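What the coordinates show
Listed below are the residues making up each chain.
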Amino acid sequence: MKIAKDTVVSLHYTLSDAEGNQIDKSKQPMVYLHGGYGNTLPKIEAAMEGKDIGYTTTINVEPSDAFGYYDEQLVKVEPRKNLPAQLEVGMQFEGVVDAEDNTHSVVFTVTEFNDEQVTLDGNHPLAGLSLRFALNVTDVRAATTEEISHGHVHGPHGHHH
């Protein structure tokens with residue numbers, strides 16, 4: 001079966017930065033619903049379109065097509081008293097960002113803190129990086145009606161209700 005809209009694609013990946021330094025490697029297949037459902041990066045979907053089990057490729061993805069450019073305005077320093085008593089670097093909190101055109105929620109990560117203040121970063125950890133994905137398709141199947149209506153994969157390595 002060829003990868004097309006409303007197919008479920010399983011693939012292994014190795015994610016590296018532009019210099020080839022490995023960032024992540026799948027232990028279990030990444031499984032996504034193909035066809036513009038937002039379950040993976042559009043550049044990955046474009047590279048997979050029309051391919052079959054066993055297809056391998058490496059694609060380069062610039063920040064504008066991945067996790068965006070690093071935005072200094074998403075780094076906030078808040079009074080320590082405004083956050084929970086138990087705090088660790090790496091903890092995450094959902095917050096709101098007021099932009100000129102809209103207000104939206106962002107996940108902020110604690111990057112440092114002391115007794116007086118906490119630094120929170122709302123950028124994705126991979127923001128600003130050019131990325132290289134080595135991809136290997138391990139399975140392709142037709143999506144179920146329920147998966148299509150929900151916009152994501154169910155079952156092993158997918159979403160569970």
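Above this text is the structure in question.
All values derive from a computational prediction rather than experimental measurement. (Residues numbered from 1 in each chain as written. Predicted model: local features only at pLDDT ≥ 70, side-chain atom pairs only at ≥ 80, totals over all residues. Heavy atoms only, no water.)

Description of the overall build of the protein
If you tally the helices and strands in the protein, you get 2 helices and 9 strands. In the protein, the order of α-helices and β-strands from amino to carboxyl end is β-β-β-α-β-β-β-β-β-β-α. With respect to the principal axes defined by its C-alpha atoms, the protein has extents near 60 × 40 × 35 Å. Relative to its 161 residues, the protein shows a buried fraction of 35%. For the protein, contacts bridging at least 24 residues in sequence account for 61% of all contacts bridging at least 6. Carbon and sulfur atoms form 49% of the exposed surface of the protein, whose accessible area is close to 9,700 Å². Charged side chains in the protein number 11 positive and 24 negative. The centres of these two groups are separated by 7 Å. (Helix = DSSP H or I, 4+ residues; strand = E, 2+ residues; numbered from the N terminus. Buried < 20%, exposed > 50% of the residue type's maximum accessible area, 1.4 Å probe, protein only. Contact = heavy atoms within 4.5 Å. Areas by Shrake-Rupley, 256 points an atom, 1.4 Å probe, with all protein chains shown as cover. Lys, Arg positive; Asp, Glu negative; His and termini not counted. Charge placed at Lys NZ, Arg CZ, Asp CG, Glu CD.)

Re the nonpolar core
If you look at the biggest cluster of nonpolar residues, it comprises 19 residues, and the most contacted ones within it are Leu11, Ile44, Met48, Ile59, Phe133 and Leu135. Within the residue set of this core, elements represented by two or more residues are strand E1 (7-17), helix H1 (42-48), strand E4 (56-61) and strand E9 (131-142). Setting aside residues no more than four positions away along its own chain, Leu11 makes contact with Pro29, Met30, Tyr32, Met48, Leu135, Asn136, Val137 and Thr138. Counting residues in hydrophobic clusters, the runner-up holds 9 residues, among them Leu83, Phe108, Val110 and Leu120. (Core = buried A, V, L, I, M, F, W, Y, C linked by side-chain atoms within 4.5 Å.)

Focus: the environment of Thr7
Secondary-structure assignment places Thr7 in strand E1. In this structure, the C-alpha to C-alpha distance between Thr7 and Gly95, residues 88 residues apart in sequence, is 35 Å. At 2.6 Å, the side chain of Thr7 forms a polar contact with the backbone oxygen of Ala4. (Polar contact = N/O pair within 3.5 Å; in protein donor to acceptor, adjacent residues only side chain to side chain.)

Considerations on the environment of Gly90
Mapped onto the secondary structure, Gly90 falls in the loop between strand E5 (75-79) and strand E6 (92-98). For Gly90 and Thr109, which are 19 residues apart along the polypeptide, the C-alpha to C-alpha distance reads 5.6 Å. Ignoring anything within four residues of it in the chain, the contact list for Gly90 reads Thr109 and Val110.

So, the pattern of salt bridges
Tallied over the full model, the rule gives 2 salt bridges. Note that Asp65 is salt-bridged to Lys43, the shortest N-O span being 3.6 Å. One end of the pair, Asp65, is in the loop between E4 and E5; the other, Lys43, is in helix H1, and 22 residues separate them in sequence. Residue Asp65 is classed as partly exposed on the basis of its relative accessible area, which comes to 32%. When its relative accessible area of 39% is taken as the criterion, Lys43 is described as partly exposed. Residues Glu147 and Arg141 are paired through a salt bridge, measuring 2.8 Å at the closest nitrogen-oxygen approach. (Salt bridge = Lys/Arg side-chain N within 4 Å of Asp/Glu carboxyl O.)

A few points about the packing of aromatic side chains
For the structure shown, the criterion picks out 0 aromatic pairs. The ring centre of Tyr55 lies 5.2 Å from the NZ or CZ of Lys51, which sits over that ring. (Phe/Tyr/Trp six-rings, centres within 6.5 Å; stacked < 30°, edge-to-face > 60°. Lys NZ or Arg CZ within 6 Å of the ring centre and 35° of its normal.)

Side note on the sheet that holds E6
Across the sheet, which stays open at both edges, the 4 strands sit in the order E5-E8-E7-E6 with antiparallel pairing between neighbours. Every other strand in the sheet has two partners, leaving E5 and E6 as the edge strands with one partner each. Adjacent strand axes in the sheet meet at a mean angle of 45°, parallel and antiparallel pairs treated alike. Of the pairings in the sheet, the one linking strand E7 (residues 103-113) to strand E8 (residues 117-121) comprises 4 bridges and is antiparallel in character. Note that in E8 the partner of Val110 across the bridge is Leu120. (Pairing = 2+ DSSP bridges. Axes fitted to C-alpha atoms, helices over the stretch in contact; angles between N-to-C directions.)

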